[in-house]
Amino acid sequence: MVLQRFSWPYGGRSATFCGSFTGWRECPMGLVGAVFQVVFDLPPGVYQYRFLVDGVWRCDETKPFVRDEYGLISNEVLVENNVQPVVQPEPSIRGTNMDKGTILKTMPPEPSSQNPSMQIAVIRHVVSGILLHNTIYDVVPLSSKLTVLDTQLPVKQAFKIMHDEGTITGMLTASDFVLILRKRNIQVIGNEEPISAWKEAKLQFYGGPDGAAMQRRPLIHVKDSDNLVDVALTIIRNEISSVPIFKCMADSSGVPFLNLATLQGILKFLCSKLQEEAEGCSLLHNQLLSIPIGTWSPHTGRSSSRQLRTLLLSSPLNTCLDILLQDRVSSIPIVDDNGSLRDVYSLSDIMALAKNDVYARIELEQVTVQNALDVQYQVHGRRQCHTCLQTSTLLEVLEGLSIPGVRRLVVIEQSTRFVEGIISLRDVFTFLLG
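Here is what the cut-offs are and how they apply
- Residues numbered from 1 in each chain as written.
- Predicted model: local features only at pLDDT ≥ 70, side-chain atom pairs only at ≥ 80, totals over all residues.
- Heavy atoms only, no water.
- Pairing = 2+ DSSP bridges.
- Helix = DSSP H or I, 4+ residues; strand = E, 2+ residues; numbered from the N terminus.
- Axes fitted to C-alpha atoms, helices over the stretch in contact; angles between N-to-C directions.
- Phe/Tyr/Trp six-rings, centres within 6.5 Å; stacked < 30°, edge-to-face > 60°.
- Buried < 20%, exposed > 50% of the residue type's maximum accessible area, 1.4 Å probe, protein only.
- Lys NZ or Arg CZ within 6 Å of the ring centre and 35° of its normal.
- Polar contact = N/O pair within 3.5 Å; in protein donor to acceptor, adjacent residues only side chain to side chain.
- Contact = heavy atoms within 4.5 Å.

Per an unreviewed UniProt entry, the protein chain is named CBS domain-containing protein, and its organism is Zea mays.

Following this line, the structure appears as structure tokens:
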């Protein structure tokens, strides 16, 4: 059993306590100086708790919290053996506006010796607080260039625009181009068929028994007033790279489309805010070695939710495209015969074949990954592979992924460049949002 102290140092005339270990029955708290507190003798485990202050249920905003299936928020604590109860220091200012129930002065940061589970809970609490209290309108650029494609535009012309403008969003994506190439529907492009015709054919050819349901699915979008948690979850759950932002309008006149929201834009905003919280989020300074995030090679001994795939330069491009579509991933590390990183092939790289109609002059079955990369280099030039190490800190990874154009970091062994894992934007937000 472990003695665990719970305290409410933010003022009030009366305070009681309840937790999952009390059966959510209220227990009185004693007033010691200016701090309400109570001590329990608990077995090791994870517990939830709340405070009832002056008849109003409250949570300590400086502590980890969780939300249950009904949307109710509770603080959470991990109790461990041989750990002395933490006595909360009294804040220099009793800074709570009890009418509004918001903390005006937070507690001093927790010591950096927190156990990993508590470190994760703390950073998730901080991140969710930042993202919940800011909207996507706070993040999107005030002005930017957007390309909107008419549904009657020929597919061939649309793919050329996508290549030239770097626009791979909305109703037509790089996956569409891959499907056309893989299913040998080159006539869809050559016959100047419109985008709308391809979309209908796609539902018939690839939608299967759920094709009708797919057709009825409304356009995935977010509103400019949506908080950043909801926007990030919309992108993650729908497995898309960006989502249109519609302006909230009182009437239906005008064009509501404002911009596109991406995980990278949200992460860049989050990094700027986390700089202010860096001292209280000790996990930011931990190495990847100790953080359950990303996809890893089996030889590292680390577990991950999906298998890390790599391909040789000599692998058929068809194999690469099949893996991208079937595994629902956006990129694959390309290695040499020694397993050392040479490049990363992404779904968006396939658009290089749209330049000067290269796709019409090749036999896809005979093209290797090396051939495809050579086309990419001819069109866009050589590029840098963005990497990190297992000894890189979480903060370094977040900052690396917030650089425009970077969607993933390949984890390599420094001396040999042997591929050990990969960290994507999706991995980061899945981890930070719990």
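Picking up after the structure, the text goes on.
1. So, the sheet that holds strand E1 (residues 2–8)
The strands that make up a sheet are held in pairs by hydrogen bonds between backbone atoms, and each pair lies either parallel or antiparallel. Taken together, 3 strands build an open sheet; the order of strands is E1-E5-E4 and the sheet is antiparallel. A single partner strand is all that each edge strand has here, and the edge strands are E1 and strand E4 (30–32). Shown here is a sheet whose adjacent strand axes are inclined to one another by a mean of 40 degrees, direction ignored. As defined by bridge partners, E4 adjoins strand E5 (residues 35–42) across 3 bridges and the pair is classed as antiparallel. Across the sheet, residue valine 32 finds its bridge partner in E5, namely valine 35.

2. Some thoughts on the packing of aromatic side chains
Per the counting criterion, the structure on display carries 13 aromatic pairs. Residues tryptophan 8 and phenylalanine 51 carry aromatic rings whose centres are separated by 5.2 Å and whose planes lie at 45 degrees to one another, so their mutual orientation is tilted. Here phenylalanine 51 lies in strand E6 (residues 45–53) and tryptophan 8 lies in strand E1, a separation of 43 residues in the sequence. The exposure class assigned to tryptophan 8 is buried, which follows from its relative accessible area of 1%. Taking relative accessible area as the criterion, phenylalanine 51 reaches 1% and is therefore assigned buried. When the centroid spacing of 5.3 Å and the interplanar angle of 85 degrees are considered together, the rings of phenylalanine 21 and tyrosine 47 count as edge-to-face. With phenylalanine 21 in the loop between strand E2 (15–19) and strand E3 (27–28) and tyrosine 47 in strand E6, the pair connects residues that are 26 residues apart, well separated along the chain. Among the aromatic residues, ring-to-ring pairing joins Phe6, Trp8, Tyr10, Phe17, Phe21, Phe40, Tyr47, Tyr49 and Phe51 into one connected group. Positioned above the aromatic ring of tryptophan 24, the side-chain terminus of arginine 50 is 4.5 Å from the ring centre. A cation over an aromatic ring shows up here: arginine 124 above the ring of phenylalanine 431, its NZ or CZ 5.1 Å from the ring centre.

3. Thoughts on the side chain of serine 128
Its location among the elements puts serine 128 in helix H1 (residues 116–132). For serine 128, the side chain forms a polar contact with the main-chain oxygen of histidine 125, separated by 2.9 Å.

4. Examining the side chain of threonine 393
Along the chain, threonine 393 turns up in the loop between strand E19 (387–388) and helix H11 (394–401). For threonine 393, a relative accessible area of 17% gives the class buried. The residues contacting threonine 393, other than those within four sequence positions of it, are Leu284, His285, Asn286 and Gln287.

5. What to know about the sheet that holds strand E21 (residues 419–424)
Overall, mixed pairing links the 4 strands, which are arranged E15-E21-E20-E19 in an open sheet. Each having just a single partner strand, strand E15 (295–296) and E19 make up the two edges of the open sheet. Across 2 bridges, the pairing between E15 and E21 is antiparallel. Pairing of threonine 295 across the sheet is with isoleucine 422, part of E21. With respect to the sheet, helix H12 (residues 425–432) is in contact with E15 and E21, its orientation differing from that of E21 by roughly 70 degrees.

6. Focus: helix H7 (residues 228–237)
Most of H7 is tucked away: 7 of the 10 residues are buried. Restricting attention to buried positions, one finds in H7 the residues Leu228, Val229, Val231, Ala232, Thr234, Ile235 and Ile236. The N-capping residue of H7, defined by a side-chain oxygen 3.0 Å from the backbone nitrogen of valine 229, is asparagine 227. Phi turns positive, to about 55 degrees, at glutamate 239, one or two residues after H7.

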